[in-house]
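Secondary and tertiary structure notes
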Amino acid sequence: MSDRLSVFKTYKLYVGGKFPRSESGRVYEVTDSKDRWLANAPLSSRKDARDAVVAARKAFGGWSGATAYNRGQILYRIAEMLEGRREQFTAEVAAADGLSKSKAAAVVDAAIDRWVWYAGWTDKIGQIVGGANPVAGPFFNLSTPEPTGVVTIVAPQESSFLGLVSVLAPVIATGNTAVVIASEKSPLPALALGEVLATSDLPGGVVNVLSGRTAEIAAPLASHQDVNAIDLTGADEVLAKELEIAAADNMKRVLRPQPVDYAADPGTKRLTAFLETKTVWHPTGSLGASGSAY
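As the structure is a prediction and not an experimental result, all values here were calculated from the model.

Turning our attention to the pattern of salt bridges. Counting across every chain of the model gives 15 salt bridges. In this structure, Glu 195 engages Lys 9 in a salt bridge whose closest nitrogen and oxygen atoms are separated by 2.6 Å. Separated by 186 residues along the polypeptide, Glu 195 in helix 7 (residues 188-197) and Lys 9 in the segment before strand 1 (27-31) bring together distant segments of the chain. The class of Lys 9 is partly exposed, set by a relative accessible area of 37%. A salt bridge links Lys 47 to Asp 51, with the shortest nitrogen-to-oxygen separation between them at 3.0 Å. One end of the pair, Lys 47, and the other, Asp 51, are both in helix 1 (residues 46-65), 4 residues apart, so they sit about a helical turn from each other. Lys 47 gets classed as partly exposed once you look at its relative accessible area, which sits at 36%. The exposure class assigned to Asp 51 is partly exposed, which follows from its relative accessible area of 30%.

It is worth spelling out the nonpolar core at this point. In this structure, Leu 82, Trp 115, Phe 161, Leu 168, Ile 172 and Val 207 are the most contacted members of the largest nonpolar core, which totals 62 residues. In terms of nonpolar packing, the next biggest core, distinct from the first, is built from 24 residues, Ala 49, Ala 56, Ile 217 and Leu 239 among them.

As a general point, the strands of a sheet are linked pairwise by backbone hydrogen bonds and lie either parallel or antiparallel. Taken in spatial order, the 3 strands make up an open sheet running 3-4-10, and their pairing is antiparallel. Edge positions in the sheet fall to strand 3 (131-132) and strand 10 (275-283), since each of these pairs with one other strand and no more. In this structure, strand 3 lies alongside strand 4 (residues 139-147), joined through 2 bridges in antiparallel fashion. Across the sheet, Ala 132 pairs through a bridge with Leu 142, a residue of strand 4.

Procedures and definitions
- Residues numbered from 1 in each chain as written.
- Predicted model: local features only at pLDDT ≥ 70, side-chain atom pairs only at ≥ 80, totals over all residues.
- Heavy atoms only, no water.
- Salt bridge = Lys/Arg side-chain N within 4 Å of Asp/Glu carboxyl O.
- Helix = DSSP H or I, 4+ residues; strand = E, 2+ residues; numbered from the N terminus.
- Buried < 20%, exposed > 50% of the residue type's maximum accessible area, 1.4 Å probe, protein only.
- Core = buried A, V, L, I, M, F, W, Y, C linked by side-chain atoms within 4.5 Å.
- Pairing = 2+ DSSP bridges.

Structural data, given as structure tokens:
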């Protein structure tokens with residue numbers, strides 16, 4: 001028998017590339033499917049939510065301005081880091097979602113594959129949703145996708161890891177920055193993901209992870225004037241309606257909750273959910289007296 005004391009893991013928020021405790025100093029108990037204590041998670045406040053938005057806005061210019069190829073490299077690096085910590089996340093997911101070790105391992109593998117999937121799309125989505133438009137006249141007419149901005153994500157409540165990755169990866173793959181509200185019941189995989197993001201070349205502030213009472217954190221983010229969009233995937237019907245009304249104040253783009261099979265092929269729907277299309281007209285010009293144009 002070992003006489004060593006148990007060293008319990010301290011879970012913290014992930015905001016601006018750092019790991020602060022909640023400014024309120026509050027925590028709440030996280031339990032497994034059999035109601036056994038797992039850890040104390042930070043109970044985020046409205047101030048934590050505002051700090052996360054400030055960090056996300058600060059990071060937006062650099063992240064959206066990076067080349068799509070570079071964003072793909074960084075997302076692939078996240079997958080690499082997750083692969084190296086596969087056993088840790090298997091244990092986290094098994095405890096959080098009440099799964100057997102083998103089923104949890106399959107979930108983690110699917111989440112890693114999902115990061116790789118979206119990493120490959122970063123420099124291709126522009127060709128899918130953008131392009132040159134035919135017009136009558138001596139003009140070029142080009143449509144290109146641009147990121148919406150700062151996106152609040154209410155993460156899925158029941159799929160604490162694969163669901164989280166499925167809603168987060170496409171948001172940042174297309175150049176947005178994110179403020180994530182982790183599953184209230186099972187926040188530990190999301191908080192542990194912050195540790196991976198911090199060591200994967202992802203600039204601080206691109207992803208910010210908050211834990212706590214979903215309704216308490218989501219309300220100020222839905223009405224925040226510097227949040228450009230909100231994904232309500234993890235909100236119940238009543239909360240989603242309240243947040244949608246609050247989001248209308250500055251005409252945020254809103255993605256309503258809907259049934260999702262996270263194990264299925266994700267397609268490109270979430271990649272385009274938080275993209276805006278910019279269309280530019282430009283005269284073709286003339287090459288000489290003959291009137292030929294380019």
